[in-house]
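Per-entry structural report
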Amino acid sequence: MNILGIIFSYSDRENLRELTKRRTLASLPMAGKFRIIDFVVSNFVNDGIYDVSVIARNNYHSLMDHLGSGKEWDLIRKRGGLRVLTPYARSDNEKVGLYRGTIEALASNMHSIRRSMGEYVILSGSSILYSMDFNDLVEKHIQSNADITAVYTRDLNGFPTVPMGVSILRFNDHNRLYDMTINMEDMSQHGITWSTEVFVIRKSLLESLVADAIAYGRYDFLEDILKRSVNNLNIQGYEYKGHLLEFSSVAGYMQANMNFLNREFRGKAFKRPIYTKSKDSVPARYYEGCQVKNSIISDGCRIEGTIENSIISRDVRIGKGAVVKNSIIMQNTEIMKDVLLDHVILDKDVIVRENRRLSGHVTYPVVVEKASIV
Amino acid sequence: MNILGIIFSYSDRENLRELTKRRTLASLPMAGKFRIIDFVVSNFVNDGIYDVSVIARNNYHSLMDHLGSGKEWDLIRKRGGLRVLTPYARSDNEKVGLYRGTIEALASNMHSIRRSMGEYVILSGSSILYSMDFNDLVEKHIQSNADITAVYTRDLNGFPTVPMGVSILRFNDHNRLYDMTINMEDMSQHGITWSTEVFVIRKSLLESLVADAIAYGRYDFLEDILKRSVNNLNIQGYEYKGHLLEFSSVAGYMQANMNFLNREFRGKAFKRPIYTKSKDSVPARYYEGCQVKNSIISDGCRIEGTIENSIISRDVRIGKGAVVKNSIIMQNTEIMKDVLLDHVILDKDVIVRENRRLSGHVTYPVVVEKASIV
Amino acid sequence: MTYHQKKEVIAMLLAGGQGSRLGVLTDHVAKPAIPFGGKYRIIDFPLSNCVNSGIDTIGVLTQYQPLELNTYIGSGQPWDLDRLYGGSFILPPYVKGKAGEWYKGTANAIYQNIKFIDLYDPDYVLILSGDHIYKMNYNLMLKYHKEKKADCTIAVIQVPWEEAGRFGVMNADADLRIREFEEKPKEPKSNLASMGVYIFSWQKLKEYLLKDKEDKDSQSDFGKNIIPTMLNQGEKLYAYEFKGYWKDVGTIESLWEANMDTLNQDVPLELDDPPWRIYSRSSNLPPQFIGEHAQLINSSIADGCFINGTVENSILFPGVQIEKGAVISNSILMPGVVVDENAVVEYAIIANKGKVGQGVHIGYWKLPEIGGKHRNITVIGQEVLVAAGAVVPAGAIVGENVIEEV
Amino acid sequence: MTYHQKKEVIAMLLAGGQGSRLGVLTDHVAKPAIPFGGKYRIIDFPLSNCVNSGIDTIGVLTQYQPLELNTYIGSGQPWDLDRLYGGSFILPPYVKGKAGEWYKGTANAIYQNIKFIDLYDPDYVLILSGDHIYKMNYNLMLKYHKEKKADCTIAVIQVPWEEAGRFGVMNADADLRIREFEEKPKEPKSNLASMGVYIFSWQKLKEYLLKDKEDKDSQSDFGKNIIPTMLNQGEKLYAYEFKGYWKDVGTIESLWEANMDTLNQDVPLELDDPPWRIYSRSSNLPPQFIGEHAQLINSSIADGCFINGTVENSILFPGVQIEKGAVISNSILMPGVVVDENAVVEYAIIANKGKVGQGVHIGYWKLPEIGGKHRNITVIGQEVLVAAGAVVPAGAIVGENVIEEV
């Protein structure tokens, strides 16, 4: 079966403050050495889908740097492979910027999508992470004679409330979508089914729906295609029962990372390989006097201090006497002697000088911008 | 010696009509199966320079498609390799379009240029093709203690007149640049030295010159850096004595291609390999009744008709009784029975139906736009 | 923790044979590396068939003159076989414990690589050889193998009865279950010939390989030992009939014929077939140039050629040079061959970088071709020089430089 | 027409040795494929040295158990050796004409690959072996070779006089021209030991390889035959003194020591050295997780590990699992080793996927370590299981599953 994966590397509903100031959502670090996009792309590759397009909008240089030729995801292919689709000016006096919505993003890249051999398309966002059997999903899509299959999850799925901004999907007894609303409140009741932002559709149908919508000046896939078509199209639901991670806020992003400290969760998340850019770092080095507990440590780290309940990315140095708790420390950061960090997110290339103390709260972690010196 | 190659994939002085409507200059087909960029990039690779950045401005999708991961140019490298640098929006409400000039293009991509290990930079355009010994060039640059070395050619170098829009460079007795003007007339006198649009400069100097120029709102490398600096900087000349091809006009582009029909010229141009995207086409097939003379034929062609003095790209079909003379036929074109073409450029994916006749003149070849049906 | 990726099926390609019936053509390269069809090599066919059939893990068993073959396959990238898990693997003989062991028979070669196969824990193993030209979807055969719940499925093709005796012949019942396998029978009872393409259920094959190793008298050959033994033991072997073009190119004549077949539109061997592309490593040469004096008739010509003479019913590989007045007909000129002015080459195969001097006549034959039979094929070996004026009679096999008439 | 790219220098890496002194560690893999330093393999050092020295064409001569090594090197991409011209090439022994020939000695292995070397038409050939840990710029050595107009340059390192007898020793004059070469002399006249790194001017080497082939008594070894013969003939051989860390890891003890050296900041073998990176193939495993009960002291731990016990002065390769209460000290745990609760591992090397059961004691030694001497190193072979409660005394070499005290 020929399937094309299309991943939106950004999300309109995220507010990740400084974290997405210079990068797109999908290139945000996750679980130490990975980035969000790694999980999404690996899900496709692990399911044998080797034709993957990533739609970028702005701030995509870090994403392109990370993905490179696609080699590390096994996506250098003669047929298919990895493409990053970026907005571009066609003529000399055109300017480009934001797509006006997901549909415009698809329409702008239709020349590339059309060329794919894929018969079905799986669309995925980047602000909700899952670990899904795509082959089963597409099989069910075909069996159910659906025009579109929308993947949903039920109830809270481990979250305190249904995340803000996600789509609440309502299905009838035949599992057919009849209504869709955007979640704008802290809902925590039972029986809610909400979108994981994953959809299956036949490529030819997607092409014509996108062309139609553009002709009518409609730009949003959820509002303008999904919601408008509940009567005309057979939109079926597919329930995802596994774990989900969601990050539209900094606190959510922190929480999503902390999930990886759980052995059972890690076991499931890494049941199949998650591919990422390889770095030629040395193994982590632990020196006399270090104390590390319940933490994820990536290669290239040199650790002399204390770490607890934290996620440490590659090539981080943590000095003697420093204490790092409940924090996310990104790549190539230097934490000098006797620093204390609690509930902090240090972005890449940050230096924290001796004796500095930073502490946030679980509901509002302190974020230190890339390349800052504290 | 660490050298970074920077190639501008576009030219402000070109008027190639429909040919560059949907592609950037550097991705224009050349000599059958190649594109202009292949010659420029191969010159770097053949001289052992494996760190090459291509600056794109607009209309660059065909260029990116062609270059792909850089594999075919031997440019998948851990250090260096091939990068295509495209304009992009940094923030949510920024729009991007044309660079205001070569300096802005360099400035916008300085983050990537800075990261290269190259100590020297060779800058090259795409509208003048050469076959140059870059190692000798950089050696001479160093020996001469130049701040910048500007490569020039002398007199007409095979052209009827000095091409319009190129820079006339004037050097003093010490081979130092003292003046620069843009050629605006059909000059054909002796003693003229004009730029091949290739320059050598130490990377750190380039960085500071670009930063300065941007600070002063100056955007053009030739006018605002080269010309303004003739007194402050030691800008040395380096004479290029080999063949040149130039294509700022359609007639020039046609002429440039026709050079490849000369055995001696071909011998020099292909003395070292020119890399290009590989296509898995079958060998060319010649059928009973075909007549082919003095022409370049690429693989994948199926020829039943007559071809003279023409350049035929990949996967072209030429029907029985068709006659193609003095023409350039691009990829995947179908020329049906009894067609007559003389002094015509057929862009990609064109179909010419039976019995059609098109003929242009050497000074004004007919151009048929991509995917047209005649 | 480690990741392990199971493959349902992997292919093992037997590429170690010398192909001695191809004479000077295999002096320097293994048979699967011999150029074919203007830009391919024989091995491109099984490799491309695998990739097009969705089989992405291929062990290539080499033994004889593997340098060129190894370099040609390289990372497997031209066949899209440069993969994180799987891809193409060169498997030469090796030393284990104190002593090394060469591959003795086809089955022994697989036996020695049991460890490699087990890495992928496959359910099925596809056994291929590197000396056939055909386009085949192995996936359909695998489906058949599963439907039949077979232990082994052997691809077969109908051959003319009079030729059946040159092949391994299957005697099968109506359901295509194989009852008897005869290697080159004098009086064939069937005209279903083995194509040398087998699918085995791996656990079953492994069992028989281990048993075969114990049998000192065995030649460890699939056709002579493994398959007859399996039949004796009552295992389920099925024939899978392939209907398409298939040719064993183990002789000079058949290699020449298969090449000529690519020029014949009536033969169902279309190479320009996008959904079933034959991949190959490209040459990096510029496009061909056809000069003022060229005359081209029903020929296939590759990149980098310079043609200024007459070429008829011939196949010219990359970088061949034909000077003015030279006439090439019914011939195969492999990469880099140079033919000087006024030379004549007829019914010949000239191996890589052969040089044919001015006025040379290769494939000289005084009698007219009659009754559809053509004169014998002349072969000029790799880098052999035939000096100006020499005449090489039809059927000669030339391995060394020639300075006058042979 | 064809393109040809000459290389000034290419490297030939002798990776065929079994390394029998490493016991069970080389039961399944060739010595150069043995894991080293937490994420590397021994062969990463010469390969990375080549690439960092600007040498991009490397023939890897394999013979013994090459499967894992070949798979590890693959397309050469991790070392940036996946090139259009050049790159890494696996060169196994092969059949030529009627019979195959195994690599008999180091020089014979090169002799059998003359054709490969000639493809690149090099001026110089660098001969390396796959059993040393060092970081060296071969380009400086090549410069020296050219300055000296030498026929052969041999890299040497000063060793303690008392150890000189274990090496090939050079007796050189003041200009470092070698006058005599003694293989493992009883009474060494010099303490300049050969590092097994040679640069030859290729034409000269080829001449001696061809001569050596004629000599029926020769063992076709560089140290025993080629170099003494060249000295006899008055060729210009120079010693090139290397001053840096270099260690032959041909024995269990030296392999253990070299690993421990990576944990010792006083030893000049920094692996975290961006301008001279040691490249290796990455594991695709998630980052390591350090649990509630972990205690880490001066150790190096790789991706994919799960650590919930105590680890001291030890090196843990990717995917090692240490459960609660387990204590690992002065040990090397290769990829995928699992140590169950309350087990103790001291002064040991545990090969890939070894399993250490609950409460096991590996490297048991009743006496205290005295005078800087440590107890003998214990080795547990690949995939060996040591069942719960077993005690393995120091110095044991365990190749098979253990169910009780050895």
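Below: a short report on this structure. Values in this document were obtained by computation on a predicted structure and should not be read as measured data. (Residues numbered from 1 in each chain as written. Chains lettered and ligands numbered in written order. Predicted model: local features only at pLDDT ≥ 70, side-chain atom pairs only at ≥ 80, totals over all residues. Heavy atoms only, no water.)

1. Concerning the interface of chain A and chain D
Put simply, the rule is: The contact criterion used throughout is that any non-hydrogen atoms of two residues lie within 4.5 Å. Buried area is calculated as the accessible area (1.4 Å probe) missing from two parts once they are joined, with the contributions of both summed. Take a side-chain nitrogen of Lys or Arg and a carboxyl oxygen of Asp or Glu: if they are within 4 Å of each other, that pair is a salt bridge.
Counting residues at the interface gives 34 residues for chain A and 37 residues for chain D. Taken as a group, D280, R285 and Y286 of chain A account for 22% of the area that chain A buries against chain D, more than any other trio of residues on that side. Inspection of the region where chain A meets chain D yields four salt bridges. Between K33 of chain A and D303 of chain D there is a salt bridge, with the nearest N and O atoms lying 2.6 Å from each other.

2. Some details on the packing of helix α6 (residues 202-214) of chain C against helix α7 (residues 222-232) of chain C
Residue and element names in this part refer to chain C. Condition: Axis definition: a line fit to C-alpha positions, over the contact stretch in the case of helices; interaxial angles, taken between N-to-C directions, run 0 to 180 degrees. Labels follow the DSSP assignment, with helices taken as runs of H or I lasting at least four residues and strands as runs of E lasting at least two, numbered in each case from the N terminus. The scheme is simple: roughly parallel for angles under 35 degrees, roughly antiparallel for over 145, roughly perpendicular for 65 to 115, oblique for anything else. By the definition used in this description, the sense in which the near helix is turned from the far one sets the handedness, with an anticlockwise turn below a right angle giving left-handed and a clockwise turn giving right-handed.
In the contact formed by α6 and α7, the axes pass within 11 Å of each other and the chain directions differ by 115°. For the element pair α6 / α7, the angle class is roughly perpendicular. Remark: the crossing between α6 and α7 carries right-handed chirality. Contact residues: α6 offers K204, L205, Y208, L209 and D212, while α7 offers F222, N225, I226, T229 and M230.

3. Examining empty space enclosed by the protein
Rules: For cavity detection a 1 Å grid was placed over the protein atoms alone, and a set of points counts as a cavity when a 1.4 Å probe fits there but cannot get out; an open set counts as a pocket when protein lies on both sides within 12 Å along at least five of seven lines, with lining residues being those that have an atom within 4 Å of a point. Grid points are joined across faces, edges and corners, and a volume is the space filled by probe spheres set on the points. Nonpolar residues are Ala, Val, Leu, Ile, Met, Phe, Trp, Tyr, Cys and Pro. Charged residues are Asp, Glu, Lys and Arg, and all others, Gly as well, are polar.
One pass over the structure, following the stated rule, counts nine cavities of 30 Å³ or more. Considered as a void within the structure, the largest cavity measures approximately 90 Å³ in volume. Forming the boundary of the largest cavity are I90, L91, P92, Y94, Q112, N113, K115 and F116 of chain C together with Q65, P66, L67 and N70 of chain D. Elements represented by at least two residues in the lining of the largest cavity include exactly β5 (87-91) and α4 (114-119) of chain C together with α2 (67-73) of chain D. Grouping the amino acids of the lining of the largest cavity by side-chain chemistry returns seven nonpolar, four polar and one charged.

4. Considerations on the interface of chain B and chain D
As a reminder of what qualifies: The definition of a polar contact used here is a pair of N or O atoms within 3.5 Å, where within protein one atom must be able to donate a hydrogen and the other to accept one, and adjacent residues in sequence count solely through side-chain atom pairs.
Contacts between chain B and chain D engage 13 residues on the former and 15 residues on the latter. Of the roughly 1200 Å² buried between chain B and chain D, counting both surfaces, carbon and sulfur atoms make up 41%. Summed over the three residues of chain B that lose the most area to chain D, namely D74, K78 and R79 of chain B, the buried surface amounts to 46% of that side. Summed over the shared surface of chain B and chain D, the number is one salt bridge. Put simply, D82 of chain D and K71 of chain B hold a salt bridge, and the shortest N to O gap is 3.1 Å. If you look at where chain B meets chain D, you find seven residue pairs in polar contact (both at pLDDT 80 or more). Among the residues making up the side of chain B that touches chain D, the classes are represented as five nonpolar, no polar and eight charged.

5. Points about the sheet that holds strand β17 (residues 295-297) of chain C
Residues and elements named next belong to chain C. Formally: A pair of strands is considered paired only if DSSP assigns at least 2 bridges between the two.
Taken together, six strands build an open sheet; the order of strands is β17-β20-β23-β26-β29-β32 and the sheet is parallel. Two strands lie at the open edges of the sheet, namely β17 and β32 (391-393), each paired on one side alone. Pairwise comparison of adjacent strand axes, ignoring direction, gives a mean angle of 10° for this sheet. One ladder, built from three bridges, connects strand β23 (residues 327-329) with strand β26 (residues 344-346); its direction is parallel. Bridged to V327 within β26 is V344.

6. What about helix α6 (residues 203-215) of chain B?
Residues and elements named next belong to chain B. Cut-off, in case you're wondering: For a helix, the expected span equals 1.5 Å multiplied by the residue count minus one. Relative accessibility thresholds used throughout: buried, under 20% of the residue-type maximum; exposed, over 50%; partly exposed, between the two (1.4 Å probe, protein chains only). This arc is built from the directions going out from the helix axis to the C-beta atoms.
Look at α6: 18 Å from first C-alpha to last across 13 residues, which is about the 18 Å you get at 1.5 Å a residue. The complete set of buried residues in α6 reads K203, L205, L206, L209, V210 and A213. Along the axis of α6, the buried residues cluster in a sector spanning 150°; they form a single face. After α6 finishes, the residue G217 shows a positive phi value of roughly 70°.

7. A word on helix α5 (residues 138-147) of chain D
Residue and element names in this part refer to chain D. Y138, M141, L142, Y144 and H145 are the residues of α5 that are buried. Buried residues of α5, viewed axially, fall in a sector of 160°; they line one side. Turned more than 90 degrees from where α5 packs its buried face, K143 and E147 sit exposed. Regarding α5, its N-cap is N137, as a side-chain oxygen of that residue lies 2.9 Å from the backbone nitrogen of N139 further along. The positive-phi residue at the C-terminal boundary of α5 is K149, with phi of around 45°.

8. So, the nonpolar core
In plain terms, the rule: Residues enter a nonpolar core if they are buried and are Ala, Val, Leu, Ile, Met, Phe, Trp, Tyr or Cys, with the set joined through side-chain atoms within 4.5 Å.
Within the largest apolar cluster, 152 residues are counted, with the highest numbers of intra-cluster contacts made by M30, Y253 and F260 of chain A together with M30, Y253 and F260 of chain B. With residues up to four places along the chain from it excluded, the contact list for F260 of chain A reads M30, A31, F39, L245, F265, R266, A269, F270 and I296 of chain A.

9. Quick look at the packing of aromatic side chains
Condition: A pair of aromatic rings is counted whenever rings of Phe, Tyr or Trp (Trp by its six-membered ring) have centres within 6.5 Å, and the orientation is called stacked for planes under 30 degrees apart, edge-to-face for over 60 and tilted otherwise.
Under the defined criterion, the tally for this structure stands at 55 aromatic pairs over all chains. Their ring planes at 85° and their centres at 6.2 Å tell us that F8 of chain B and Y10 of chain B sit as a pair that is edge-to-face. Classification of Y10 of chain B as buried rests on a relative accessible area of 8%. Pairing Y144 of chain C with Y240 of chain C gives two aromatic rings, centres 5.1 Å apart and planes at 65°, and the pair type is edge-to-face. With Y144 of chain C in helix α5 (residues 138-147) and Y240 of chain C in strand β14 (residues 237-241), this residue pair connects regions lying 96 residues apart in the sequence. Judged on exposure class, the residue Y144 of chain C and its partner Y240 of chain C are both buried. Three or more aromatic residues joined by ring pairs make a cluster, and in this case those are F34, F39, F260, F265 and F270 of chain A.

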